[in-house]
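Listed below, chain by chain, are the residues.
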Amino acid sequence: MSRGRSDGSQKKRLVAFVCGVAIFLGFLYVFGGSIFGSQNGGSSALEYGSKSLKRLGSSYLGGDDDTDGKQDESSSNFGGDEIVPKSFPVCDDRHSELIPCLDRHLIYQMRMKLDLSLMEHYERHCPPAERRFNCLIPPPPGYKVPIKWPHSRDEVWKANIPHTHLAKEKSDQNWMVVKGEKIFFPGGGTHFHYGADKYIAAIANMLNFSNDNLNNEGRLRTVLDVGCGVASFGGYLLSSDIIAMSLAPNDVHQNQIQFALERGIPAYLGVLGTKRLPYPSRSFELAHCSRCRIDWLQRDGILLLELDRLLRPGGYFAYSSPEAYAQDEEDLRIWKEMSDLVGRMCWRIASKRNQTVIWQKPLTNDCYREREPGTRPPLCQSDDDPDAVWGVNMEACITPYSEHDNKVKGSGLAPWPARLTSPPPRLADFGYSSDMFEKDTELWQRRVEKYWNLLSPKIKSNTLRNIMDMKAGMGSFAAALRGKDVWVMNVVPQDGPNTLKLIYDRGLIGSVHDWCEGGYSTYPRTYDLLHAWTVFSDLEKKDCSPEDLLIEMDRLLRPTGFVIFHDKQPVIDFVKKYLGALHWEVVATSDSSSDSDQDGDDVVFIIQKKLWLTSGSLRDTE
């Protein structure tokens, strides 16, 4: 009988166990989709929203039980008791190239009414907080640590960007060639089949620059390459001490910018649509378009006028396109209308040869003042801020120079590289003195030396190439890296002082961004190093999620890449809680209080992202 009672209790326990397993499996079925890859267009609870993880309950996430509702409170308080997951879900493999604010699937799902003729569907449209992907972006199958610069300019691993359609589509233009496990870049383009180096020298020759060197003895430093393809033009400019912002949308020629960044060439996803590009006025000495397929005549020339806003006094626009040389009726019509438009904009032809015309912008306001009354395009209103760019609509008007710039007849910039450490003329716009600028430059020189000492056990001279400064100030962090073979994307937060114009005046590049909005306009696995100086302390003052920013930083970071956190101790403690969930590991930490560099109680904390792959689930491949 006792045996019978025992058997009965065992059966009951077995039934209870089976029921428990069934409930657990049901739970996984409902909520586990985004861990192992959602197949329903990304709508499972775990994929969206920074707070959804907390609502699911601590037993699943590995946190402590919290029944008093604290898990629903805002986590912007870094000293709080938020539940910390043991792991984040992994996005579906379909999202291995996700760009949250340039996601056309989101546009379709949210039924946005956009004007396709104005390229609005290629502009930024960010998901609301409840629709943000709350998962880690997996690398593609077979992903390898990228080839190091300078070899990466000419070859990348095919597995890292498994898209070869451009090699076939542009096979007659020498954009790229697939050979075995690699993709090679011969340096060709639509209008420079025989190499960007020869094309660049030809442009310099057209402008009568000495030794056919486009940098013109340091006077030409920053370039905007519109519709850049795979950025070979920008890649070959680097050897002339010229840095280009290579710009292209995530359009039918997908992955152009991804190839550029994989190669180690500065690039950004953007389009000339309805919004101003995220760069201040008078940022570039040269704008370039090689068969960029842009209708420059549309909307009263508004896109050419955006280039005009971005060009420095006396800046150039190099245009290689059939309109500049073809003789058929349509090309002749476009050429006539473009010539008329740029004439009214006071541009003059600096040179015209073969397939290329180079226009030059005036040095002063004199030509604008001499135009007939009512001439279009008009001058912009005096209250228009030409440096306001974040979410600001383009205007079909000419941006005149300030009285100061008109008087000095130019930008007043020193040649490169002297301009890197010379106080920029636009310092006065912020009330900054030359002494403040010089002290900032010296301060960051010391800080960067300290960073490199902390990183030295983990890096070699060619370990790092693509670097982002997430809060760039005057650009002194990037300036301190002058002697290293790296480039820096200097990001200026949209709600702070718009110091990006100082950064461009120093011969550096960057963009405006809103870290609270997230979704920087680049592909995943873009940067080798992110520098986050007080970025999270700033975030604490706003109603946005630091967890979301950590996930975005992980998206930007290449596997084996690094993040330098330079912030208060509570921020560092907060980041430490998420290291395991993000697959990050500590490299070094240092207290700044003993240094005389004005950091006070700041802490420098450096992590490295592990290389992990997915195969139905996470596995380390260290």
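Residues numbered from 1 in each chain as written. Predicted model: local features only at pLDDT ≥ 70, side-chain atom pairs only at ≥ 80, totals over all residues. Heavy atoms only, no water.

Within an unreviewed UniProt entry, the label attached to the protein chain reads Methyltransferase, and the organism entered is Crotalaria pallida. The UniProt entry for the protein chain carries the following comment under Sequence similarities (unreviewed entry): "Belongs to the methyltransferase superfamily." (UniProt positions renumbered as here; feature names shortened; annotations may be inferred.)

With that settled, consider helix α10 (residues 298–310). Helix length check: α10, at 13 residues, gives a terminal C-alpha distance of 18 Å against a target of 18 Å (1.5 Å per residue), a fit within 8%. The principal kink in α10, of about 30°, is found at L304. By the criterion of burial, α10 is predominantly enclosed, with 11 of the 13 residues buried. By the burial criterion, the buried members of α10 are Q298, G301, I302, L303, L304, L305, E306, L307, D308, R309 and L310. (Helix = DSSP H or I, 4+ residues; strand = E, 2+ residues; numbered from the N terminus. Expected span 1.5 Å × (residues − 1). Bend = angle between axes of the 7 residues up to and from the residue. Buried < 20%, exposed > 50% of the residue type's maximum accessible area, 1.4 Å probe, protein only.)

Before going further, it helps to spend a moment on the pairing of strand β11 (residues 466–469). With burial as the criterion, each face of β11 is covered, one bearing N466 and M468 and the other bearing I467 and D469. By the bridge criterion, four bridges tie β11 to strand β12 (residues 487–493) in an arrangement that is parallel. Bridge pairing in β12 places D469 opposite N490. Here three bridges tie β11 to strand β14 (residues 527–533), and the two strands are oriented parallel to one another. What sits directly across from I467, in β14, is L529. (Pairing = 2+ DSSP bridges.)

Glancing now at the sheet that holds strand β1 (residues 155–157). The strand order across the open sheet formed by three strands is β1-β3-β2, and the pairing between neighbours is antiparallel. For this open sheet the edge positions go to β1 and β2 (177–179), each flanked by a neighbour on one side alone. Pairs of neighbouring strands in the sheet enclose a mean axial angle of 30°, with direction left out of account. By the bridge criterion, three bridges tie β2 to strand β3 (residues 182–184) in an arrangement that is antiparallel. What sits directly across from V177, in β3, is F184. (Axes fitted to C-alpha atoms, helices over the stretch in contact; angles between N-to-C directions.)

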